[in-house]
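Residue-level structural notes
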Amino acid sequence: MSHIAYYRVSNTSQSIQSQKAALTHADLIEHEYMDEGVSGAVVAANRPGFAELLRYIRKGDTLHVYAVDRLGRDAIDVQTTIRALLEKGVTLEINGLGQIGKGVGELIVAVLAQVADMERQRIILRTTAGRELAKTSLAATGKTHRGKESLGRPVKADAAAVKAWRTENTASISQAAKHFGLSDSTVKRYCAAQA
């Protein structure tokens, strides 16, 4: 009987340390599996770390997770994952909720997963609305609704001029970057856009 923990963060700039610290039974944990830089939009079973966990975990083991949304892409995936673990004889411990059992435990998790899924959809709607507002404002005034002069990365030089100078002078990417005060990656991106 093993105590196993699973952690997931959406991008590599985030840290799993807060999830580890939140698990109150950390001293019991013998095996840890994680997915760093894996979006929550990926089905749990398709995540490398979680797939490895599923191959290892056995009847009688306890799986500790930080939150319900770590267990799946959406409410249906969370419920499917939990059902599969419970049917396998695994005890599931969710931080702040305790042990999840069949029946009432699954019902509580289903509701929480649905709320998390609904919030994820609301975030998508809000960011889409903000992006559209920025585009509309930029087209009308030359600035976004937040006062920026462009969407995305600010334009540091004229891409066509960078490519033309590089071609005329048979310059390397590094030479063009130095001449225009840009990074090598920006010169590469500008030249690729003008191809």
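These numbers come from a predicted model, not from an experiment. (Residues numbered from 1 in each chain as written. Predicted model: local features only at pLDDT ≥ 70, side-chain atom pairs only at ≥ 80, totals over all residues. Heavy atoms only, no water.)

Quick look at the overall build of the chain now. Scanning the chain for helices and strands turns up seven helices and five strands. Helices (α) and strands (β) of the chain occur, in sequence order from the N terminus, as β-α-β-α-β-α-β-β-α-α-α-α. Over its C-alpha atoms the chain spans a radius of gyration of 24 Å, topping by over 25% the 16 Å that the globule rule assigns to 195 residues. Out of the 195 residues in the chain, the part that is buried amounts to 35%. Contacts in the chain between residues at least 24 apart in sequence constitute 58% of all its contacts with a sequence separation of at least 6. Here the chain displays about 11,600 Å² of accessible surface, and carbon together with sulfur accounts for 55% of that area. (Helix = DSSP H or I, 4+ residues; strand = E, 2+ residues; numbered from the N terminus. Rg over C-alpha atoms; globule rule 2.2 N^0.38 Å. Buried < 20%, exposed > 50% of the residue type's maximum accessible area, 1.4 Å probe, protein only. Contact = heavy atoms within 4.5 Å. Areas by Shrake-Rupley, 256 points an atom, 1.4 Å probe, with all protein chains shown as cover.)

A few words on the sheet that holds strand 5 (residues 98-100). Read from one edge to the other, the open sheet built from five strands follows the order 2-1-3-4-5, with strand pairing classed as mixed. The sheet is open, and its two borders are formed by strand 2 (31-36) and strand 5, each paired with just one other strand. On average, adjacent strands in this sheet sit at an angle of 25° to one another, irrespective of strand direction. Sheet analysis places strand 1 (residues 3-9) next to strand 2, joined by six bridges and oriented parallel. Looking across to strand 2, one finds that Arg8 is bridged to Asp35. (Pairing = 2+ DSSP bridges. Axes fitted to C-alpha atoms, helices over the stretch in contact; angles between N-to-C directions.)

The subject of this paragraph is the nonpolar core. Membership of the largest hydrophobic core comes to 22 residues, with the highest contact counts inside it found for Leu53, Leu63, Leu71, Ile82, Leu92 and Ile94. Taken together, the elements giving at least two residues each to this core come down to strand 1, helix 2 (48-56), strand 3 (62-65), helix 3 (75-87), strand 4 (91-94) and helix 4 (104-141). Among the elements that make up this core, the one with the highest residue count is helix 3 (five residues). With near-sequence residues (within four places) excluded, Leu63 lies in contact with Ile4, Ala5, Tyr6, Leu53, Ile57, Leu71, Leu85, Val90, Thr91, Leu92 and Glu93. Among the nonpolar cores identified, the runner-up in size contains nine residues, and Ala176, Leu182, Tyr190 and Cys191 belong to it. (Core = buried A, V, L, I, M, F, W, Y, C linked by side-chain atoms within 4.5 Å.)

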